[in-house]
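Summary of the model geometry
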Amino acid sequence: MAVAAILTLGLSLHGQGTASSDPVFELEAFEVTSFEGSLVAAAEAKRLSPVIIEAVVAEDLGKLPDVSIAETLARLPGLTTQRINSRAQGIVIRGLTGDFSTALLNGRQQVSTGSGRSVEFDQYPSELLNGVFVYKTTTPSLVGQGLAGTVDMRTVRPLEVGKQRVGVNAFYEWSELGKLNPDGDDTGMRYSLNYIDQFNDGTLGIAFGYAHTDQPGQGEQWNAWGYPTVGDLPGEPFVLGGAKPFVRSSNLERDSYMGVIEYKPGASFKATVDLFYSDFAETQLLRGIELPLFWSSAQLDRSTAVVEDGLVTQGTFTNFFGVMRNDIVWRDAEVFNAGLNLEFGDGSGWVGELDLSTSRIDRKDNVLETYSGFGSNQVGTPDTITYSLAGGTGAKFDTLLDYSNANAIRLAGPQGWGGDQVPGGQVGFFKGPEAHDQLDQLMASMRREMSGVITQVKTGLNYTNRSKDEAEAGPQGKEGFFLALADGSTSAPLPRVIGNTSLAFIGIPAQVSYDARAAFNSGIYNLIPNNNPSYVSENWDVTEKVMTGYLEAQFETKMGTVPVTGTFGAQVIRTRQESNGLAANGSTISEVSGEHEYTDFVPSLNASFQLSELRFVRVSLARQIARQPMRDMRAGSTYSFNEALASSTDVQNSPWSGYGGNVELEPWRSNSLDISFENYFAEGKGYVAIVGYMKDLQNYTYNENALFDFTGYATNSNLTPAIYQGYRSTPRNGEGGEIKGLELSVQVPGELLSDALEGFGMLFSVAEVDSSIKPDRGNPSQPIPGLSDRVINSTLYYEKAGFSARVSARYRSDYRGDIATFGPRGAVFRNLQAETVWDAQVSYSFQSGPMQGVTVILQGYNLTDEPLFATQGDQDSRLVQDYQRYGAQYSVGVSYKF
């Protein structure tokens, strides 16, 4: 095994130098210098843990196995990811999306850039992390636990390294698809620096890390508006209602910093300071032609329509006005985390711990759409367009007009959209929502080692105060602005053209392109506020104050001749949640608020039966909870008052109605059972593990009509209603159901099977999940979002004499996923088809001579160009709703450590 020093893992129910909400253990002193060594460390962590976990340990300083920590997590048993704009971002654990799990950094809860609680893991560069632990079961001292699981990302502890270490790396990256937009980037760089040292005779340790990412991304994105039926054709076949295809060139820029200071002057005191900061910016250039067809003024030529098995596979439309889109969206987000941990006592009696931390995110999104075309309802010439469905990838189009002819194309509103706000129709749209999320945490705990069956007792209090708000910039949080031409005209010449963008993937040779942001900043547009009151309730703030007290005991006994160890105890959690928002009734806007308090009792029991030195059975019984997305807990709503029913006293015919959030929404709760059988091989040579679990969800969240008191809401009339009760559609805690699963994972080095296979190895896992929950009661066939019935991860590797190569495949069966690619407002669910993503990495580390310490690395992701593919329901696979192609991503680089 390529482990340069003894691998030592200390097993305790406290995290030295981390928040006590990290209850399991800590990698106290190790130096791993290879991929196989990292597998050994991770397997040892899994073996020594009192709960069921999955682990990843960095294979070298600043070198986790993947470019992204999300990619790394997605390879663990029972975990997977959904790709957003070509990269892994959120994590699904046991078929449940990130809202059902919790992310920690050094044991401390993390906030989110999204509207929910799901952490976007691409905010955390893998180069600055030393390991990741996924707790699938829980203990009382794991504060902030998730129902599906808890992901704890960890940075290095310099005093445990014990010597000075410096590591640097640099990578050049490029996209297989090349530069799809003339002003896009298809190449980028990433580099990082890690420094660890100790001073004052080993009592003071520091660690510093910096990681820079400039990552390109390209994509071809087909989207169908939908497939209505043609009532006057035989059999009423489906036809393409319209389409919105784009090519995308994106760029992710991220500068991240990590700092750790440890001070331990003696056995009875230790202080640790953790700092993390990330400045995250993403820009997407989106160009394409929105194609209004059957759902527009365009006319389908029935006489030439080709119908096959109930679908118009080829159709021609006259009087077609295409909306040429030159769009840009950009996000700026700052992530800041700071924590101070103080530990008192040398272990001979009570040991006290105090931890203070904050986690903050500030996010600003900007979405700019600009329109142009050959004409609108006022100017220009209509086109004739023919489509043919193209083998499950969308449609191909043939047009008469040349969309790359800059002299014939003007800024305009070709469809007259927004004509009630902008004469002649809007020529674009802009919105810029902002969000802030802050969680402050204070923890105090005490523990004591004991003799007898109870080997340790631990108790503590944890208080968190989290506030999250989201609002559209502008007066009263209007949902963006219509763009009108500043001179009042309905069309204008194009801004400076920068080239053409190929739309060959939909059969159109090219469209003219210009810099949308430069045009926006030049002053050629006026901004007309969107006065639609339905968006007002989307501006909200929620505050959540949680006090958690816990008592936990660690035990060690025997059942016959079988050693049994584990933990038992409980949490008592008192929660108070409040929200302020806006309620809109037409043009009447009111401020509204609400609050709710409740208490949870969360017991747990973990027992590990050691059948032999390397064979274990683990059993966990626990109540698990996961808090709701904070957007769903908002007080804001949209409502209406029917004057004709003002005198009604029957709530079934109430004048009041509406929809919005629910301040009284309580967490998802589950009674969970996990049973694991784990067989480890001697000398750290892998393991086989089988885990079965059942989660009996006591409740799930549904949008339902419920009685609501509209007292205090403005009626926008002089009438006095007879009643103030009415029905409002809100997210509500409803009946739950079961989630059952089985996970098999195998980690085997080749020499375990034959000496001839020395250097080879394999990782394999398969997870099967079944759920009885149907989240859409109006359509009971819809599964839980994110739930794939089967997830398979596999890696084959070879490592010897400095040479390392590995290839990985990640499969997930079809699932219902949110494909909203940018911006925080609202989910866009699709029935995504099964996918298999292949990645590979090859490296060589110089073992001696002047190049010793240098490693050359080549990486490739999505090698087979696996698309993200969704259909309209399950009724016909030819009804392609979304088809996104990203191409392969490659990087080549060098790392050096000394």
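Residue positions are counted from 1 within each chain, in the order its sequence is given. For this predicted model, a pLDDT threshold of at least 70 governs which residues receive local features, and a threshold of 80 or more governs which side-chain atom pairs are given and counted, while totals over whole chains, interfaces and linings are taken from all residues. Hydrogens and waters are ignored; side-chain quantities use all the structure's heavy atoms.

Turning our attention to the environment of aspartate 232. What counts as a helix is a DSSP run of H or I of at least four residues, what counts as a strand is a run of E of at least two, and both are numbered from the N terminus. With respect to the helices, strands and loops of the structure, aspartate 232 is situated in the loop between strand 12 (204-226) and strand 13 (242-243). With 70 residues separating them along the chain, aspartate 232 and arginine 302 place their C-alpha atoms 8.8 Å apart. At 3.2 Å, the side chain of aspartate 232 and the side chain of arginine 302 are in polar contact. Residues adjacent in sequence count toward polar contacts only when both atoms are side-chain atoms; beyond that, a polar contact is any pair of N or O atoms within 3.5 Å, and within protein one must be able to donate a hydrogen and the other to accept it.

Salt bridge criterion: a side-chain nitrogen from Lys or Arg within 4 Å of a carboxyl oxygen from Asp or Glu. A full pass over the atoms with the stated rule returns 44 salt bridges. For the salt bridge of arginine 87 with aspartate 122, the shortest nitrogen-to-oxygen distance reads 2.8 Å. One end of the pair, arginine 87, is in strand 5 (residues 87-93); the other, aspartate 122, is in the loop between strand 7 (108-109) and strand 8 (131-135), with 35 residues separating them in the sequence. The two residues arginine 87 and aspartate 122 agree in class, both being buried. We note a salt bridge from glutamate 597 to arginine 576, for which the minimum N-O separation is 2.6 Å. Note on exposure labels: buried denotes an accessible area under 20% of the residue type's maximum, exposed denotes more than 50%, and partly exposed covers the range between, all computed with a 1.4 Å probe on protein chains only.

Two strands pair under a simple rule: DSSP has to find at least two bridges between them. Strand direction decides the pairing type here: strand 25 (residues 433-449) and strand 26 (residues 454-472), joined by 17 bridges, are antiparallel. Within strand 26, the position partnered with glutamate 449 by the bridge is glutamine 456. If you look at the hairpin formed by strand 25 and strand 26, you'll find 4 residues sitting between the two strands, and glycine 452 has a positive phi there, around 105 degrees. Two strands pair when backbone bridges link them, and strand 26 and strand 32 (residues 540-559) are joined in this way by 16 bridges, in the antiparallel orientation. Across the sheet, residue asparagine 465 finds its bridge partner in strand 32, namely lysine 545.

Right, let's get into the nonpolar core. Nonpolar side chains tend to gather and get buried jointly when the protein is soluble and globular. Take the buried residues of types Ala, Val, Leu, Ile, Met, Phe, Trp, Tyr and Cys, join any two whose side-chain atoms come within 4.5 Å, and each joined set is a nonpolar core. One finds Trp222, Leu240, Tyr387 and Phe397 to be the most contacted residues of the largest nonpolar core, which totals 54 residues. With 4 residues, the single largest contributor to this core is strand 18 (residues 311-320). Leaving out residues up to four positions away in the same chain, phenylalanine 397 has contacts with Trp222, Leu240, Ala243, Leu291, Leu293, Ile385, Thr386, Tyr387, Ile506, Gly507 and Ile508. Ranked by size, the runner-up nonpolar core spans 46 residues in total, among them Leu129, Phe276, Tyr702 and Val769. Contacts: residue pairs with any heavy atoms within 4.5 Å of one another.

Let us look at the side chain of serine 192. Topologically, serine 192 is positioned in strand 11 (residues 187-199). Look at serine 192 and you get buried, because its relative accessible area is 6%. Side chain to side chain, serine 192 and asparagine 169 meet in a polar contact 2.9 Å long. The residues contacting serine 192, other than those within four sequence positions of it, are Glu127, Gly167, Val168, Asn169, Tyr210 and Ala211.

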